[in-house]
Amino acid sequence: MKPTLTYNNKQYPLDTQKTLLENLESQAVPVEFQCRDGYCGACCSVIESGEVNYQTTPMAYLRDKEVLLCCSKSTQSITIKSK
Ligand code: FES
């Protein structure tokens, strides 16, 4: 089964090579972002289920369950909500 990205209750195909932000952009989903580099926190969202990997440790402060869409990828299906 192909992995999916569920964002605000809508399901999209997940490209595991792309960041979550790039995945949403490729589906024309409007997402807030600024730096695209893990420090401004504008793209911060909440993980409802699933796990992400960061290429480099993000600079922005994250609470439990929060994720930065611009610099994280997932290898499995994931469910996220905007804040
Ligand atoms: S866009 Fe700035 S942290 Fe993601």
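Here we summarise the structure given alongside this text. Not measured: the values here are computed from a predicted model.

1. A word on the side chain of Glu66
Moving on, step 1. Residue position: Glu66 is located in strand β5 (residues 66-68).
Moving on, step 2. The exposure class of Glu66 is buried, given its relative accessible area of 12%.
Moving on, step 3. Within the local environment of Glu66, its side chain forms a polar contact with the side chain of Lys83, the two groups lying 2.9 Å apart.
Moving on, step 4. Those residues within four positions of Glu66 in sequence are excluded, and the remaining contacts are Cys44, Ser45, Val46, Tyr54, Tyr61 and Lys83.

2. Digging into the sheet that holds strand β2 (residues 10-13)
Moving on, step 1. Strand order in this open sheet of five strands is β2-β1-β7-β3-β5, and the pairing throughout is mixed. Of all the strands in the sheet, just β2 and β5 have a single pairing partner and so form its edges. Strand-to-strand twist in this sheet, taken as the mean axis angle between neighbours without regard to direction, amounts to 35 degrees.
Moving on, step 2. Sheet topology note: the strand β3 (residues 44-49)/strand β7 (residues 78-82) ladder contains four bridges and is antiparallel. Bridge assignment links Ser45 to a residue of β7, and that residue is Ser82.

3. Let's talk about the pairing of β2
Where a strand is regular, its side chains alternate between the two sheet faces.
Moving on, step 1. Sheet topology note: the strand β1 (residues 4-7)/β2 ladder contains four bridges and is antiparallel. Directly across from Tyr7, in β2, lies its bridge partner Lys10.
Moving on, step 2. Here β1 folds back onto β2 in antiparallel fashion, the turn holding two residues, of which Asn8 has a positive phi close to 50 degrees.

4. Focus: the side chain of Thr19
Moving on, step 1. Looking at the element boundaries, Thr19 is found in the loop between β2 and α1 (20-26).
Moving on, step 2. Not counting residues within four places of it along the chain, the set of residues in contact with Thr19 comprises Leu69, Cys70, Cys71, Ser72 and Lys73.

5. Quick notes on the pattern of salt bridges
Moving on, step 1. Counting across every chain of the model gives four salt bridges.
Moving on, step 2. A salt bridge links Glu48 to Lys81; the nearest nitrogen and oxygen atoms lie 3.9 Å apart. Residue Glu48 is found in strand β3, and its partner Lys81 is found in strand β7; the two are separated by 33 residues along the sequence.
Moving on, step 3. Here Lys83 ties to Glu66 by a salt bridge, and the two come within 2.9 Å at their closest N and O atoms. Of this pair, Lys83 sits in the segment after β7 while Glu66 sits in strand β5, placing them 17 residues apart in sequence.
Moving on, step 4. Here Lys83 falls in the exposed class, since its relative accessible area comes to 60%.

Rules behind the numbers
Each chain has its residues counted from 1, running along the sequence as written. With pLDDT at 70 or above as the cut-off, local features in this predicted model cover only qualifying residues; side-chain atom pairs require 80 or more to be listed or tallied, and sums for whole chains, interfaces and linings still use all residues. In computing side-chain values, all of the structure's heavy atoms are included and hydrogens and water are not. The way it works is that DSSP assigns letters per residue, a run of H or I at least four long becomes a helix, a run of E at least two long becomes a strand, and they are numbered from the N terminus. Under the scheme applied here, a residue whose accessible area is under 20% of the maximum for its type counts as buried, over 50% as exposed, and between as partly exposed, the area being computed with a 1.4 Å probe on protein chains only. Counted as a polar contact is a pair of N or O atoms within 3.5 Å, where, for protein atoms, one must be capable of donating a hydrogen and the other of accepting one, and residues adjacent in sequence contribute only when both atoms are in side chains. Residues are treated as being in contact if the distance between any of their heavy atoms lies within 4.5 Å. Pairing between strands is defined by DSSP: at least two bridges between them are needed. To obtain an axis, a line is fitted to C-alpha atoms, over the contacting stretch when the element is a helix, and the angle between two such axes runs from 0 to 180 degrees between their N-to-C directions. Salt bridge, as used here: a side-chain nitrogen of Lys or Arg that lies within 4 Å of a carboxyl oxygen of Asp or Glu.

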